[in-house]
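This is what each chain is made of:
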Amino acid sequence: MRSPVQPPPSLLSGHANPGRGAHRRQHYWPRANLLSANLLRAAASEPAHRKLQARASATPAPLYDAKAAGAGLLLQGRVCVLTPHAGAGSRVWFPGVGCRRLIRVELSRGQTLARGFGTRMFHLRTCAAKLRPLTASQTVRTFSQNRSAAARTLGQIRCYSAPVAAEPFLSGTSSNYVEEMYYAWLENPKSVHKSWDIFFRNTNAGAPPGTAYQSPLPLGPASLSTMARAQPLVEAQPNVDKLVEDHLAVQSLIRAYQVRGHHIAKLDPLGISCVNFDGAPVTVSSNVGENASVNANFNIRGHHVAQLDPLGILDADLDSSVPADIISSTDKLGFYGLDESDLDKVFHLPTTTFIGGQESALPLREIIRRLEMAYCQHIGVEFMFINDLEQCQWIRQKFETPGIMQFTNEEKRTLLARLVRSTRWGLRAGWGSLQGAWLQALQAVLAPVTWLFRVARSPSRFEDFLQRKWSSEKRFGLEGCEVLIPALKTIIDKSSENGVDYVIMGMPHRGRLNVLANVIRKELEQIFCQFDSKLEAADEGSGDVKYHLGMYHRRINRVTDRNITLSLVANPSHLEAADPVVMGKTKAEQFYCGDTEGKKVMSILLHGDAAFAGQGIVYETFHLSDLPSYTTHGTVHVVVNNQIGFTTDPRMARSSPYPTDVARVVNAPIFHVNADDPEAVMYVCKVAAEWRSTFHKDVVVDLEEISKYDKICEEAFTRSKDEKILHIKHWLDSPWPGEQGAITRHPSPAPTAPPGATVWLSDSGVCASAGPPVLGFFTLDGQPRSMTCPSTGLTEDILTHIGNVASSVPVENFTIHGGLSRILKTRGELVKNRTVDWALAEYMAFGSLLKEGIHIRLSGQDVERGTFSHRHHVLHDQNVDKKTCIPMNHLWPNQAPYTVCNSSLSEYGVLGFELGFAMASPNALVLWEAQFGDFHNTAQCIIDQFICPGQAKWVRQNGIVLLLPHGMEGMGPEHSSARPERFLQMCNDDPDVLPNLEEANFDINQLYDCNWVVVNCSTPGNFFHVLRRQILLPFRKPLIIFTPKSLLRHPEARTSFDEMLSGTHFQRVIPEDGLAAQNPANVRRLLFCTGKVYYDLTRERKARGMAEQVAITRIEQLSPFPFDLLLQEVHKYPNAELAWCQEEHKNQGYYDYVKPRLRTTISRAKPVWYAGRDPAAAPATGNKKTHLTELQRLLDTAFDLDAFKNFS
């Protein structure tokens, strides 16, 4: 514990210049800044403290001499120059505190005159004066008034002088002596005379000029009592240590409110908790007892679950105690070393707060009041975890500046009109907050527009109409959070003002119909049609419930008078599953319009509180927000927080204090706001839109509300106490306020509707269907422009050119890895031999599509190199860090761009993102590759809810491609099977119905009718064709490709250029072309298979010498099933028995899908036998020997012509 007169440790610990006097710096202040360093101790604020410390710690200036006589020069009560007393003409040594010029002092009759002081001394004195508390300033003023009137100051500063007789020892010849005395006193105050001890104590305590010194008493018994009464002036002067500590305490207090003020913000929309809702901030008064009850309101945070449950059963949600560093009562001032007497002291405000406005100092009482107004009212701000100072300062300025949350009359009119438009209940829900001063002002503003209130009282509002018309239908209304509609519109308005012209939205089911009607502006006839059971059966697809559907609309934004396009993405009931889809669609729209900074296209995501905290996809989506190939440059997240979480209270729903805490991982600011304060909601939404426009980062708006009707209150069975709360909320909203100054309810006729406006309210004539999507890719009626597919082959020149680029480095002075050089050399040899392997076939498919203007995006884990190190689409310079080259982008002069990007270790989020990207344009090939095929199971929700049934539910086609590495290679259960049985089970074709094989373009019609295409190619050439066919088709279907692993380098898995030239197509079935095909009558067994197992079968057949007895037919396209081609194969071998061979287990793989369809193909004339592994729970064995044993067993079964005799 340092002595109270000892300099601060920060000043004892070092010096900017390690020069002269360094041997003393471990214990003393720098010589040249001896007593002037007291100024630094008064610099309580951190920026000012640093500035002064830097100046005081600068290299000491040379000592200049001057003619002087009398006392030393003092600055604001601090001794700046120590000079021994001498007569006129003596030299005075001035260690310049920031002074670099000669100082000449003329002294006459005990008075000093300073000339030539630099501006730095002026700033030091000014800063010290500003940092003094009010009482200290008054003390200095008192001493200044008692100074000699002859004392005057010249130049840029005021310098205080003292009579020579007051401190006669301060003269030029005694400077060294006084300085040594001071050093000795610093080490041990008792080592010097008592008079020196008193003098140095008074000087350090800030005694004004001439008052620090007390002359020694004469020796003698009579003087002992006087000596005993002699006390330092420290007690009478301001305690500098206390001053510094108080300023630091105020800074800590301000930071405490910035960090934890949201814990006691008044976010309770019910207004029934013990939090103070009288509209007045809690102030610290001198009467502790008077404020005890008021301050007790801060014992529970305003957003607590206790606000939802008056019985207090949900206080396990958060820590129910107010943070210790928040001033909720005067006794908490002691936490900072302050007391009630400090409330009226004036403190200088640091630069890290804006509560002062134009003022730089405020009394402590006012500081606390303004902090409560900024952070403890209806808005709670979480932002101090952000590690960017500029962003923190921006947020502080938006919420701390006094009077910043002001609205114009026009904005208030717009706000009320939007509340009215959303629903009748929208006005009631916000009515409780339209009180007090705001409502009184609003009443005067809106006097000319009384028709709005008549509209407000009209029973024919949107959700009120739905409630009365279809009371038993699930509609997931916005009751309780009607302010969401004006909130979304405010975000859109502000974003439009900042240049955004396309907003893509995603949301769960609650409030979706209202958003469609009042934000997206979907035709009400279409919405009401969804409630009517008379919907025509001719509508395409299976359809979906009304609160899952999306919408696309372009209109004029009336606030900014700019065109704005609004898109609401369709979603399933799987909450938050649409989040990455929205992000991907947004990224695609930004990409296609060249919006590299997100200034034109943005996304808004709506969430429920329980889902936001509970669904892992939220975390995955957040982690995509700042990745180079996935960022959308900021998303506005709006959490509709009803504090119940469907049927689960927050005590059971999450472990974090807030449902929004997941957003902290990406430094996204979180704005909690009471949804029953529409002004606060509007302001927060404006700030959120401005934040996104300024910093292009995510931001979260947490609307604290409570729903009155949750799925028509079906959950009342599981939460009866919550149902009481709903009743209380309903009772609070029912009577419209009638206090003085409020707008009271008066009976008045309903507003007169314009002609034709009641059509959508009638029972009939409102069932116009939305119809299929209309894109330039389709005809006007939403149909393909043709039902044919051109050849997927290419000319040899194009194949050769792409192959040469793929086997070289198109950039000069680029050094690649030696191992990669060998791979490229091997590619070059393949091109010379007019053959391709798997990687080269993919390269040629991509390169040719780029030439045709098709953008290609390949995403996934390790796709740049390829999981099995076969692709190498991104080259890395071995000599220059982070220098890369993508040869695919150097193929053609005016080609489309190629994007290949390694993703984060996420499947659910990334696949959803790529699905959304594929939605934006049909003229793009978007591929997602799993690191191993079975990794898709963590993205099963996207596959099951979006990819498989997307077109049937939402009438939206999508051409996304899934590359799933698959094959039994003895790698164990987890890296073997891509689970093809799951994809085949979800195919929509009927296994018992043989389609019309004589239909023109049978294969194309099959593709058009299916929900997705499933293939397992056995040759690189067929892989090349299926990729090109995906784009050349006149429509879009998802494509599932089971890609190989060992075949990537298999010597027999090669394709000649001849099979890829113009006129060639994708082969749905590859028939036998060996000896068995030359004499089909002698074939005794026809094996059907798919994928890699074909090469095992051909090797075994060759080893057994059964090329004429066993024919092998490969089914490359599994769905839609090639009935026509397989029927030809069966008829070709009339004497052969049929068998399906697969390397997967019998209860997995393709057998259960293929067998009934083969039987239907041959009209069940023959059995279809099985050759493969036995049923098993795991996809594959983890033992290599067992794997080989199982493989040999299935090969024995396949080529044992008597294997199935016992089953005939």
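Residues numbered from 1 in each chain as written. Predicted model: local features only at pLDDT ≥ 70, side-chain atom pairs only at ≥ 80, totals over all residues. Heavy atoms only, no water.

Undergrad: For this particular structure, what's the right way to read the overall build of the chain?
TA: The secondary structure content of the chain amounts to 40 helices and 30 strands. In the chain, buried positions account for 58% of the 1208 residues. When contacts within the chain are restricted to residue pairs at least 6 apart in sequence, those whose partners lie at least 24 apart make up 78%. In the form shown here, the chain has an accessible surface area of approximately 48600 Å², with 52% of it arising from carbon and sulfur atoms. (Helix = DSSP H or I, 4+ residues; strand = E, 2+ residues; numbered from the N terminus. Buried < 20%, exposed > 50% of the residue type's maximum accessible area, 1.4 Å probe, protein only. Contact = heavy atoms within 4.5 Å. Areas by Shrake-Rupley, 256 points an atom, 1.4 Å probe, with all protein chains shown as cover.)

Undergrad: Can you help me understand the environment of F1088 in this one?
TA: Inspection of the secondary structure assignment puts F1088 in strand β26 (residues 1085-1089). Judged by relative accessible area, F1088 falls into the buried class, the value being 0%. With 23 residues separating them along the chain, F1088 and A1111 place their C-alpha atoms 8.6 Å apart. Discounting chain neighbours no more than four positions away, the residues touching F1088 are T1113, I1115, L1126, V1130, L1138, A1139, W1140, C1141 and L1158.

Undergrad: In this structure, what is going on with the packing of helix α29 (residues 838-851) against helix α35 (residues 1020-1032)? I would like to understand it.
TA: Packed helices, taken two at a time, are described by the angle between their axes plus the distance between the axes. Where α29 contacts α35, the axes come no closer than 8 Å and their chain directions differ by 25°. Judged on the interaxial angle alone, α35 and α29 are roughly parallel. In the crossing of α29 with α35, the sense of the turn from one axis to the other is right-handed. Side by side, α29 and α35 meet where W838, A841, E842, M844, A845, F846, S848 and L849 of the first sit next to P1020, F1023, F1024, L1027, R1028 and I1031 of the second. (Axes fitted to C-alpha atoms, helices over the stretch in contact; angles between N-to-C directions. Parallel < 35°, antiparallel > 145°, perpendicular 65-115°, else oblique. Left-handed = near helix turned anticlockwise from the far one by under 90°.)

Undergrad: What am I meant to see in the sheet that holds strand β30 (residues 1168-1173) here?
TA: Strand order in the open sheet made by the 5 strands is β25-β27-β26-β29-β30, with mixed pairing throughout. On the outer flanks of this sheet lie β25 (1069-1070) and β30, each paired with one strand and no other. Where helix α37 (residues 1093-1104) meets the sheet, it contacts β26, β27 (1110-1115) and β29 (1137-1145), and its direction lies at approximately 170° from that of β27. Along the sheet, helix α40 (residues 1184-1199) makes contact with β26, β27, β29 and β30, crossing β30 at roughly 160°. (Pairing = 2+ DSSP bridges.)

Undergrad: Would you take a moment to explain helix α28 (residues 818-832) for this structure?
TA: Think of an α-helix as 3.6 residues a turn; residues three or four steps apart then line up on the same face. Taking 1.5 Å per residue, 15 residues should reach 21 Å; α28 reaches 21 Å between its end C-alpha atoms and fits that length. All of the buried residues in α28 are G819, L820, L824, R827, G828, L830 and V831. Turning to α28, the residues buried within the fold contact α27 (796-806), β15 (835-836), α29 and β17 (875-876). (Expected span 1.5 Å × (residues − 1).)

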